[in-house]
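# Chains, contacts and geometry: an overview
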Amino acid sequence: TMTVTEYDTIAAISTPPGEGAISIVRLSGEDAIAIAQRVFKGKDLTAVATHTINYGHIIDPKTNIEIDEVMISVMRAPKTFTREDVIEINCHGGIVATNKILQLLLSNGARLAEPGEFTKRAFLHGRIDLTQAESVMDLIRAKTDRSMKVALNQLDGNLSHLIRNLRQDILDVLAQVEVNIDYPEYDDVETMTTKLLKEKAQEVKARIQQLLKTAQQGKVLREGLATAIVGRPNVGKSSLLNHLLHEDKAIVTEIAGTTRDVIEEYVNVRGVPLKLVDTAGIRETTDKVEAIGVERSRKAIDQADLVMLVLNSSEALTTEDQKLIAATQDKKRIVILNKTDLARKLDETELQKYVSQDEILATSVLKNSGMDELEEKIAILFFGGIENSQTTVMVTNARHIGLLNQAEDSLDAVLSGISAGMPVDLVQIDMTNAWELLGEITGDSYQDELLTQLFSQFCLGK
Ligand code: GDP
Ligand code: ZN
């Protein structure tokens, strides 16, 4: 159970940091409207109708100095995101003005929101369940349309719906078992009960396994597929990288929580978000004509889920090529035979001794040939088995995956208990465990620490 804390009024800047045309400062809580009124010159916000937008100015009440021209949305509980009174101040942006407004709110009775606190309140007030809260976070981070769809799907509560059905099934069978134990009128009640439990455990386990199958792809959608482009100097790595970055939508993301100047590059290839590993190493070599040390390549290869190994088809295979082929042997890889517009010198029969035919792709980055096939290959590698249906429920969240695995373990314990002839009331315990673990996914059973940890991952202002 949850200790309900007092819901004081919280404030935060809800738009991303930096210069923008418009910034939004958000307030939520009992005093939200009163606090906004204290720094506002315009209509009386405490008297306006709910869900209205009101024009006016933010002023510093101490000095009467005007800070910004604003539009203030007034939304009264309960029909708001947090189910509390919510104020949204649309100001003209600019870091200075926006921060000044936030500071004014803080010195007039609001408290700075913790990361994710708005969403946490929505959860605590029953407006959304845990998977939905998590999907808000996923949406903020979604890198491609497809990840966006998965997150939206989850926001709709599809995963929760599925999990709740599983839990209901377990509960039904547990109730039945309880009845059988309490009224052992028939001789074969033990056998019957065992049969019931076994069938249900198998059925739920199968459905959990189905869900877990989507997890691998889900992780890729959520975090991006770590991709390394390797190859010896001059084979066309930078050209390939630039092709990917320019032809496709390059998304450069600043990763929150790490050093501010860590920039990760993402490209969206047919819905697969590729997170490019060590592009600095590739870029460097365009300037200096200098080999990327094999050591550096190895590091990039280690970190990668997918390796694109580029070879020059207009030259014979070198020992360095051979080394890279060996180093990527156990990786998911695409061996790109580049510069096919030039006379072929590389012996493909020799190459096929080390690399299987379906890993090889002939390209000419210069003449833009084979690039569609490359994108196709990347997409097929990762979505081959999965239909592109919007209704597919995918598990994308590490916490959910962990709990599903644990629930599966509990069901395995049920099954092995039954085959070992364990008494029904012991088997029942494992079944109940599975039910509770599934409940943690949706937040139907949850613990304080979990909540704190979960919501603290959110960005400020969400
Ligand atoms: P990197 O050192 O592996 O990054 O290779 P670069 O991308 O810098 O390319 C080296 C040289 O090869 C440049 O002059 C490119 O224009 C050229 N190049 C790249 N791809 C091709 C290709 O498909 N065909 C031909 N003929 N030249 C290419
Ligand atoms: Zn280069």
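Residues numbered from 1 in each chain as written. Chains lettered and ligands numbered in written order. Predicted model: local features only at pLDDT ≥ 70, side-chain atom pairs only at ≥ 80, totals over all residues.

The chain has the name tRNA modification GTPase MnmE in an unreviewed UniProt entry, where Ligilactobacillus ubinensis is given as its organism. Its UniProt record, at the heading Subcellular location (unreviewed entry), says of the chain: "Cytoplasm". (UniProt positions renumbered as here; feature names shortened; annotations may be inferred.)

## Regarding the overall build of the chain
Helix and strand content of the chain: 17 helices and 14 strands. The buried share of the chain, taken over its 462 residues, is 38%. Across the chain, the fraction of contacts at a sequence separation of at least 24, relative to all contacts at a separation of at least 6, is 68%. (Helix = DSSP H or I, 4+ residues; strand = E, 2+ residues; numbered from the N terminus. Buried ≥ 20, exposed ≤ 12 C-beta atoms within 10 Å, placed from the backbone. Contact = placed C-beta atoms within 7 Å.)

## Comments concerning the site of ligand 1
The local shell around ligand 1 holds 18 residues, among which Gly236, Lys237, Ser238, Ser239 and Leu366 are the closest. Taken together, the elements giving at least two residues each to the shell around ligand 1 come down to α9 (237-247) and α10 (279-287). Partitioned by chemical class, the residues of the shell around ligand 1 number six nonpolar, nine polar and three charged. (Near = placed C-beta within 6 Å. Nonpolar A, V, L, I, M, F, W, Y, C, P; charged D, E, K, R; others polar.)

## Describing the sheet that holds strand β3 (residues 40-42)
The seven strands are arranged β3-β4-β5-β6-β2-β1-β7 in an open sheet whose pairing can be described as mixed. Lying at the two open borders of the sheet, with one neighbouring strand each, are β3 and β7 (111-112). Across three bridges, β3 lies against strand β4 (residues 52-60) in antiparallel orientation. The partner of Lys41 across the bridge, within β4, is His57. Contacting β1 (10-13), β2 (23-28), β4, β5 (65-75), β6 (86-91) and β7, helix α2 (residues 95-107) crosses the sheet at an angle of about 15 degrees to β2. (Pairing = 2+ DSSP bridges. Axes fitted to C-alpha atoms, helices over the stretch in contact; angles between N-to-C directions.)

## Some remarks on the UniProt feature "binding site: K(+)" (unreviewed entry) in the chain
In this numbering, the UniProt entry assigns the feature "binding site: K(+)" (unreviewed entry) to Asn234, Thr253, Ile255 and Thr258. Positionally, Asn234 belongs in the loop between β8 (225-230) and α9.

## Observations regarding the nonpolar core
Counting 61 residues, the largest nonpolar core has Ala11, Leu27, Ala36, Ile87, Ile101, Leu105 and Ala434 as the members making the most contacts within it. The biggest single contributor to this core is helix α16 (residues 424-442), with seven residues. In this structure, this core is formed jointly by two domains, domain 1 (10-128) and domain 2 (141-214 + 395-443), each of which donates at least three residues. By size, the runner-up hydrophobic cluster in this structure holds 33 residues, among which are Leu225, Leu240, Val277 and Ile334. (Core = buried A, V, L, I, M, F, W, Y, C linked by C-beta atoms within 7 Å. Domains from an automatic or database assignment.)

## Regarding the environment of Lys41
Relative to the helices and strands, Lys41 resides in strand β3. Since 13 C-beta atoms lie within 10 Å of it, Lys41 is described here as partly exposed. Between the C-alpha atoms of Lys41 and Pro61, which are 20 residues apart in sequence, the distance is 9.5 Å. Not counting residues up to four positions away in its chain, the partners in contact with Lys41 are Gly56, His57 and Ile59.

## A short note on unusual backbone geometry
The omega torsion across Ala77 and Pro78 is 5 degrees, close enough to zero to call that bond cis. In the Ramachandran plot, Lys339 falls in the positive-phi region, its phi being about 65 degrees despite a non-glycine side chain. Here Lys339 lies in the loop between β13 (332-338) and α13 (348-351). Residue class for Lys339 comes out buried when judged on the 26 C-beta atoms lying within 10 Å of it. Located in the positive-phi region is Asn368, a residue other than glycine, with phi close to 60 degrees. Inspection of the secondary structure puts Asn368 in the loop between β14 (360-362) and α14 (371-383).

## Thoughts on the pairing of β1
The side-chain alternation of β1 yields two buried faces, one formed by Ile10 and Ala12 and the other by Ala11 and Ile13. Pairing analysis gives four bridges linking β1 to β2, with the strands arranged antiparallel. Paired with Ile13 across the two strands is Val25, which belongs to β2. Bridge analysis of β1 against β7 gives two bridges, and the strand direction is parallel. Bridge assignment links Ala11 to a residue of β7, and that residue is Leu112.

## Quick notes on the environment of Thr131
Relative to the helices and strands, Thr131 is located in helix α4 (residues 130-141). A count of 24 C-beta atoms within 10 Å places Thr131 in the buried class. Separated by 27 residues in the primary sequence, Thr131 and Asn158 have C-alpha atoms spaced 9.3 Å apart.

## Examining the pairing of strand β12 (residues 306-312)
With respect to burial, β12 is a largely interior element, seven of its seven residues being buried. Here β8 runs beside β12; their pairing, made up of four bridges, is parallel. Following the sheet pairing, Ala228 is matched in β12 by Val307. Where β12 and β13 come together, seven bridges link them in parallel fashion.

## Description of the packing of helix α15 (residues 398-419) against α16
If you want to describe how two helices pack, look at the angle between their axes and the distance between the axes. At a minimum axis separation of 8 Å, α15 and α16 run at an interaxial angle of 170 degrees. The angle between α15 and α16 falls in the class roughly antiparallel. Remark: the crossing between α15 and α16 carries left-handed chirality. Contacts between α15 and α16 pair His400, Leu403, Gln406, Ala407, Ser410, Leu411, Ala413, Val414, Gly417 and Ile418 from the former with Leu426, Val427, Asp430, Met431, Asn433, Ala434, Leu437, Leu438, Glu440 and Ile441 from the latter. In terms of residue class, the contact of α15 with α16 is made up of 13 nonpolar, five polar and two charged. (Parallel < 35°, antiparallel > 145°, perpendicular 65-115°, else oblique. Left-handed = near helix turned anticlockwise from the far one by under 90°.)

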